[in-house]
Amino acid sequence: MSLQAPEFFAELCLPFHDHAVVGNTYLAVPVPGAPLRLRLDFTRTIHADTYGGLRAAIVHPERGEIDAVALSFVDHGTFHRRDEATNTGPNTKQYGTFDKYHRPGRPPWDGAVTTGLRDAIEQYTAIWFLGAWTASMPSRATGRTAHTSPAMPAARSGARAR
């Protein structure tokens, strides 16, 4: 059964325009023209066909993998709501994971909240791909400038603060 990886990675709303999902792997070129690439893979657990997070890797086309980090679903609260709603305890196979089996019409990672995971990917990739997140974000209206107003002078009051 399919992990529906393209849909999972779409849920993450990563801002990289130059990307592809091949099988269960997300590949991106966060900075156009730069040699470094981002690769995201699902990490397996000790249980067959069960996944416990993502592995983010920085890859150079000639030097291979330069750095990698494991981002667990548990650490980033991806399935916290689902597990709490179903009373899934921390010492079970299903806690903070998903497997390839699922209800018809639903993705295997049903119930995932990807905000924490996305934030972790942003923090990790911001180190390797300076400006990639801000360059990929929609630009604000041009021609508008922020006006600052002068700060109010600090005034001493006659009453004592307790």
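What you see is a predicted model, and the numbers here were worked out from it, not measured in a lab. (Residues numbered from 1 in each chain as written. Predicted model: local features only at pLDDT ≥ 70, side-chain atom pairs only at ≥ 80, totals over all residues. Heavy atoms only, no water.)

### Brief notes about the overall build of the protein
Logical step 1: Looking only at helices and strands, one finds four helices and six strands in the protein.
Logical step 2: Taken over 162 residues, the protein has a buried fraction of 34%.
Logical step 3: Excluding contacts between residues fewer than 6 apart, the proportion of contacts in the protein whose partners are at least 24 apart in sequence is 48%. (Helix = DSSP H or I, 4+ residues; strand = E, 2+ residues; numbered from the N terminus. Buried < 20%, exposed > 50% of the residue type's maximum accessible area, 1.4 Å probe, protein only. Contact = heavy atoms within 4.5 Å.)

### A short note on unusual backbone geometry
Logical step 1: Of note in the backbone geometry, Gln4 takes a positive phi value of approximately 55° without being a glycine.
Logical step 2: With respect to the helices and strands, Gln4 occurs in the segment before helix H1 (5-12).
Logical step 3: According to the relative accessible area criterion, Gln4 is partly exposed, its value standing at 23%.
Logical step 4: A positive phi is found at Cys13, a non-glycine position, where the angle reads about 55°.
Logical step 5: With respect to the helices and strands, the residue Cys13 is situated in the loop between H1 and strand S1 (19-22).

### With respect to the pairing of strand S4 (residues 50-60)
Logical step 1: Here S4 lies mainly inside the structure; ten of its eleven residues are buried.
Logical step 2: Two elements, strand S3 (residues 37-44) and S4, share eight bridges in a ladder whose sense is antiparallel. Looking at S4, one finds that Asp41 is bridged to Arg55.
Logical step 3: Between S3 and the antiparallel strand that follows it, S4, lie five residues; Asp49 among them carries a positive phi value of about 55°.
Logical step 4: Looking at chain direction, S4 and strand S5 (residues 64-72) are connected through eight bridges and run antiparallel. Looking across to S5, one finds that Val59 is bridged to Glu65.
Logical step 5: Connecting the antiparallel pair S4 and S5 is a turn made up of three residues. (Pairing = 2+ DSSP bridges.)

### Let's talk about the environment of Pro107
Logical step 1: Its place among the elements puts Pro107 in the loop between strand S6 (98-99) and helix H3 (115-128).
Logical step 2: Separated by 102 residues in sequence, Pro107 and Ala5 place their C-alpha atoms 9.4 Å apart.
Logical step 3: Once you skip the residues sitting within four places of it in the chain, Pro107 turns out to touch Gln4 and His102.

### Looking at the confidence of the model for the protein
Logical step 1: The share of residues in the protein with pLDDT of 70 or more is 82%, and the mean pLDDT across the chain is 83.
Logical step 2: Model confidence for the protein, summarised as mean pLDDT per element, is weakest for helix H4 (residues 132-136) at 68 and strongest for S5 at 97.
Logical step 3: Note that residues 138-162 has pLDDT below 50 and, in this model, zero contacts with residues that lie over four places away or in other chains. (pLDDT = per-residue confidence, 0-100.)

### Looking at the packing of aromatic side chains
Logical step 1: What the rule picks out here adds up to 14 aromatic pairs.
Logical step 2: Ring centres of Phe8 and Phe9 lie 5.7 Å apart, and the angle between their planes is 85°; on these two criteria the pair is classed as edge-to-face. The same class applies to Phe8 and to Phe9, which are both buried. (Phe/Tyr/Trp six-rings, centres within 6.5 Å; stacked < 30°, edge-to-face > 60°.)

### Describing the pattern of salt bridges
Logical step 1: Within the structure shown, the criterion is met by eight salt bridges.
Logical step 2: Between Lys100 and Asp49 there is a salt bridge, and its shortest N-O distance comes to 3.5 Å. Residue Lys100 is located in the loop between S6 and H3, and its partner Asp49 is located in the loop between S3 and S4; the two are separated by 51 residues in the primary sequence.
Logical step 3: Assessed through its relative accessible area of 23%, Asp49 is described here as partly exposed.
Logical step 4: Two residues, Asp110 and Arg106, come together in a salt bridge whose shortest N-O distance is 2.6 Å. (Salt bridge = Lys/Arg side-chain N within 4 Å of Asp/Glu carboxyl O.)

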